[in-house]
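Now for the letters of each chain:
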Amino acid sequence: IDSNTILNINSNDWNQAAINISGSFVNGKVTHNYIKGTGYSGIACWFVGDNYSGMAIEYNRILDTVKSVPDGGAIYCMDRGQTRVAASIANNVIGDFGNTNPIAQMENGRWNETMGIYLDDMMSNITVKNNIVYGKGHYPVFNHAGDRNTFQNNILDISGSTYMAGYADTSGTGNKFTCNIIYSSGAKSGNLWDTYNSSTGGLSVSNNLYWSSVGSINTGGSITDSSPVRTDPKFVNAEGR
């Protein structure tokens, strides 16, 4: 699925992404697409024990997504069969995801949130790297019940988001969050991570760079970086996208 332009998908429920994928998708590629304006996800993958080994979601530009339907991501992937096959989400630009006032729905006693890259329902063994994510949603990245997922070399602009990342219902091992740049145009206080129903023993967080142009970014809380880096990343135009 390559080099398409998809605009203004007025989603009002799940399964109404700009690009929907389900079933076997071995070595499937979703690349170089321009997606803008969706009520739900830009790219959504629905797997239940299916074989999607070698899948690559790469080099897409995904803007103004998950604007009205909660519990979704600009890129959303789930695997309720937890096949743990290797796949990649890389080199994407995700901008202006989420809405500060999503539809008021509740699930398991929690507000349904909006995400940039959302690994849901045991999606595992995924490499998330070299992505740029910014918006007004809750989490630029989210890991729900998956293991052996790696988040590396991403730039996460948390200026407008509630948290940097979410980690939920996860008791597995091998999850890594490393060598990412976390930037804010304003001071950030409180926890960067939101966790619930989760053991954090299976998560390694290290060597991430934290920078705010006007104040400090707190790296404490329930999940801490073992070796945080605090230095100016020297963006040429940090607000220019």
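Residues numbered from 1 in each chain as written. Predicted model: local features only at pLDDT ≥ 70, side-chain atom pairs only at ≥ 80, totals over all residues. Heavy atoms only, no water.

### Side note on the overall build of the protein chain
For step 1, the next point in the chain: Counting its secondary structure elements, the protein chain contains zero helices and 24 strands.
For step 2, the next point in the chain: Relative to the 2.2 N^0.38 estimate, which gives 18 Å for 241 residues, the radius of gyration of the protein chain is 16 Å and therefore close to what a compact globule would have.
For step 3, the next point in the chain: Taken across its 241 residues, the protein chain has 51% of its residues classed as buried.
For step 4, the next point in the chain: By sequence separation, contacts in the protein chain at least 24 residues apart represent 76% of the contacts at least 6 residues apart.
For step 5, the next point in the chain: For the protein chain, the centre of its 15 positive side-chain charges and the centre of its 19 negative side-chain charges are spaced 6 Å apart. (Helix = DSSP H or I, 4+ residues; strand = E, 2+ residues; numbered from the N terminus. Rg over C-alpha atoms; globule rule 2.2 N^0.38 Å. Buried < 20%, exposed > 50% of the residue type's maximum accessible area, 1.4 Å probe, protein only. Contact = heavy atoms within 4.5 Å. Lys, Arg positive; Asp, Glu negative; His and termini not counted. Charge placed at Lys NZ, Arg CZ, Asp CG, Glu CD.)

### A closer look at the pattern of salt bridges
A side chain with one charge may pair with a side chain of the opposite charge, provided their charged atoms come close.
For step 1, the next point in the chain: In the structure shown here, the tally under the stated rule is two salt bridges.
For step 2, the next point in the chain: A salt bridge links Asp-121 to Arg-80, with the nearest nitrogen and oxygen atoms 2.6 Å apart. Separated by 41 residues along the polypeptide, Asp-121 in the loop between strand E13 (114-120) and strand E14 (126-129) and Arg-80 in the loop between strand E8 (72-79) and strand E9 (87-90) bring together distant segments of the chain.
For step 3, the next point in the chain: The class of Arg-80 is exposed, set by a relative accessible area of 51%.
For step 4, the next point in the chain: Asp-147 is the salt-bridge partner of Arg-84, the closest N and O atoms lying 3.0 Å from each other. In this pair, Arg-84 is assigned in the loop between E8 and E9 and Asp-147 in the loop between strand E16 (139-144) and strand E17 (150-152), connecting sequence segments 63 residues apart.
For step 5, the next point in the chain: On the accessibility criterion, Arg-84 (32% relative accessible area) is partly exposed. (Salt bridge = Lys/Arg side-chain N within 4 Å of Asp/Glu carboxyl O.)

### Let's talk about the sheet that holds strand E7 (residues 61-63)
For step 1, the next point in the chain: The parallel open sheet is built from eight strands, whose spatial order is E1-E4-E7-E10-E15-E18-E21-E24. Only two strands of the sheet have a single partner each, and these edge strands are strand E1 (5-9) and strand E24 (209-212). Put simply, the sheet's adjacent strands are angled 10° from each other on average, direction ignored.
For step 2, the next point in the chain: Across three bridges, strand E18 (residues 155-157) lies against strand E21 (residues 181-184) in parallel orientation. When the bridges of E21 are listed, Ile-155 appears paired with Ile-181. (Pairing = 2+ DSSP bridges. Axes fitted to C-alpha atoms, helices over the stretch in contact; angles between N-to-C directions.)

### Comments concerning the sheet that holds strand E6 (residues 56-58)
For step 1, the next point in the chain: Taken together, the seven strands give an open sheet; going across it, the order is E3-E6-E9-E14-E17-E20-E23, and neighbouring strands pair in parallel fashion. Only two strands of the sheet have a single neighbouring strand rather than two, namely strand E3 (29-31) and strand E23 (203-206). Geometrically, the sheet is characterised by an average inter-axis angle of 10° between neighbouring strands, direction not taken into account.
For step 2, the next point in the chain: Here four bridges tie strand E20 (residues 175-178) to E23, and the two strands are oriented parallel to one another. Each bridged residue has a counterpart across the sheet, and for Phe-177 the counterpart in E23 is Val-205.

### Overview of the nonpolar core
For step 1, the next point in the chain: The biggest cluster of nonpolar side chains holds 45 residues, and the ones touching the most others in it are Met-55, Met-164 and Trp-193.
For step 2, the next point in the chain: Apart from the residues lying within four places of it in its own chain, the contact partners of Met-164 are Tyr-139, Pro-140, Val-141, Leu-156, Ile-158, Phe-177, Ile-182, Leu-192, Trp-193 and Tyr-210.
For step 3, the next point in the chain: One finds Ala-44, Tyr-76, Met-115 and Tyr-118 within the second-largest nonpolar core, a separate group that totals 13 residues. (Core = buried A, V, L, I, M, F, W, Y, C linked by side-chain atoms within 4.5 Å.)

By themselves, these are just geometric observations and shouldn't be taken as functional.
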